[in-house]
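Commentary on secondary and tertiary structure
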Amino acid sequence: MIEAVGLTKRYGAKTAVDNLSFQVRPGAVTGFLGPNGSGKSTTMRMIVGLDRPTAGRVTVGGHPFRSLPNAPRQVGALLDAKAVHGGRSARNHLLSLAQLAGIPTARVDEVLGVVGLQDVAKRRSSGFSLGMGQRLGIAAALLGDPRVLLFDEPVNGLDPEGIHWVRNLMKQLASEGRTVFVSSHLMSEMALTADHLIVIGRGQLLSDMSVKDFISANSADFARVRVPPEPEQREKLTAALIEAGGRVMPEPDGALRVTGLPLPRISDLAHGAGVRLWQLSPHQASLEEAYMRMTQGAVDYRSTADAKEGLVPPPPPYELPPDTGGLAQPPELPQRGWYAPPPPGRSPAAPAPSPHPHPHPHPTERETSEESR
Ligand SMILES: Nc1ncnc2c1ncn2[C@@H]1O[C@H](COP(=O)(O)OP(=O)(O)OP(=O)(O)O)[C@@H](O)[C@H]1O
């Protein structure tokens, strides 16, 4: 296990890591996320004793890295794949590391096979591509068969096959009961690889929870509801949903976005109002959406071209016609902020949907209810 308590690192006036406390447990892949410059690499360097904390401490298996006996056999790290003597072959690079740590030569050939570099083992690493360098760095981390592994951006430069391989490798290492701590900016990959997430911003802890909890805590889950195009169907349902405490907003494609009510309740309310549902599906945010939402305020470096590039503002809540006035005001739900854009091909600036989004509906065109997106 890795444990940080009040971990702090200052470089002059700059506080790179600020009073950080967390635990990275064995048997799981723990993702380490944060915007550029948030202190991930500095934290990892302190874990392996390359930087000394200004305050606080970080231990591996209860000991500071520097006091671990034969540390390379207990902790393996890929922090900078370029930190290799370019004039050495891949095999000689690993051999020199193995000799320093008393690791048998046979293990060098074994890890070269594990990372798929056996055919280029005698080539100088200076001629390696970015992806080959990453594989060599991973081989070096695995060399001592350690129980604790740290990977800083391990998929950087890897092709899709390589990314898939790293994903399976991390999961396998965790399933063997090892502690796996991995940083990445590739959210889709983290969503597939990590079980747990530690998120930092400006050196401070923002979140420490499972991927599943992180997504549900940082996303505005909502239901997408589609009804027949007759305006009265839409209005009847909207009135029933608002009266029950829901919040209804039009989606650019004509569907309704409903927050504050569970799916079965929406279904019951539609039934009670005599409205046929053509679609009732849950929307769950991706890890990327949840991450962007959480770290919005902790981003140091943002393009001046478009501060919220890729995100679109939410549409205004659905307006009921005047004759349905007197209904309860919808509660304020965590639906503020920005959300992911509509699917490609749909203009985010599309006007509010017309009451007749499907001019010639046909029964066979109906969408399945309870469809999962
Ligand atoms: N040796 C150093 N001297 C001075 N400042 C440093 C040093 N190392 C890191 N910093 C600063 O500390 C902050 C955190 O840097 P760090 O590299 O740990 O962030 P990071 O989260 O790994 O970023 P990225 O995602 O871009 O790799 C940055 O502002 C960086 O400029």
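An unreviewed UniProt entry lists the chain under the name ABC transporter ATP-binding protein, with Streptomyces salyersiae given as the organism. On record in UniProt, under Sequence similarities (unreviewed entry), the comment for the chain is "Belongs to the ABC transporter superfamily."

Remarks on the site of the ligand
The local shell around the ligand holds 13 residues, among which G37, K40, S41, T42 and H185 are the closest. In the model, an oxygen atom of the ligand is placed 2.9 Å from a nitrogen or oxygen of the N36 side chain. Between S41 and the ligand, the recorded distance is 2.8 Å, taken from a side-chain N or O atom to an oxygen atom. With the chains in place, 63% of the 640 Å² that the ligand exposes on its own is no longer accessible. Those elements giving two or more residues to the shell around the ligand turn out to be β2 (14-24) and α1 (40-47). Considering every element that reaches the shell around the ligand, the biggest residue donor is α1, with four residues. Classifying every residue of the shell around the ligand by side-chain character gives three nonpolar, seven polar and three charged.

Structural notes on helix α5 (residues 160-175)
Between its first and last C-alpha, α5 extends 23 Å over 16 residues, near the 22 Å set by a 1.5 Å rise per residue. Among the residues of α5, those classed as buried are G162, I163, W165, V166, R167, L169, M170, L173 and A174. If you follow the buried residues of α5, they end up packed against β3 (28-33), α3 (105-114), α4 (130-142), β6 (148-152), β7 (179-183) and α6 (187-193). Of the residues trailing α5, G177 is marked for its positive phi of about 90 degrees.

Considering the packing of helix α2 (residues 90-101) against α3
Packing of α2 against α3 brings their axes to within 9 Å, and their N-to-C directions diverge by 135 degrees. Between α2 and α3, the angle is such that the two are oblique. In this structure, α2 meets α3 at a crossing whose hand is right-handed. Residues A90, R91, L94, L95 and A98 of α2 touch α3, and the partners they reach there are T105, V108, D109, V111 and L112. Along the lines of polarity and charge, the residues of the contact of α2 with α3 split into seven nonpolar, one polar and two charged.

Comments concerning the pairing of strand β13 (residues 279-283)
The buried fraction of β13 is high, at four of five residues. As judged from the five bridges shared by strand β10 (residues 222-226) and β13, these two strands associate in the antiparallel manner. Along β13, the bridge assignment pairs V225 with L280.

Conventions adopted
Residues numbered from 1 in each chain as written. Predicted model: local features only at pLDDT ≥ 70, side-chain atom pairs only at ≥ 80, totals over all residues. Heavy atoms only, no water. UniProt positions renumbered as here; feature names shortened; annotations may be inferred. Near = heavy atom within 4 Å. Polar contact = N/O pair within 3.5 Å; in protein donor to acceptor, adjacent residues only side chain to side chain. Areas by Shrake-Rupley, 256 points an atom, 1.4 Å probe, with all protein chains shown as cover. Helix = DSSP H or I, 4+ residues; strand = E, 2+ residues; numbered from the N terminus. Nonpolar A, V, L, I, M, F, W, Y, C, P; charged D, E, K, R; others polar. Expected span 1.5 Å × (residues − 1). Buried < 20%, exposed > 50% of the residue type's maximum accessible area, 1.4 Å probe, protein only. Contact = heavy atoms within 4.5 Å. Axes fitted to C-alpha atoms, helices over the stretch in contact; angles between N-to-C directions. Parallel < 35°, antiparallel > 145°, perpendicular 65-115°, else oblique. Left-handed = near helix turned anticlockwise from the far one by under 90°. Pairing = 2+ DSSP bridges.

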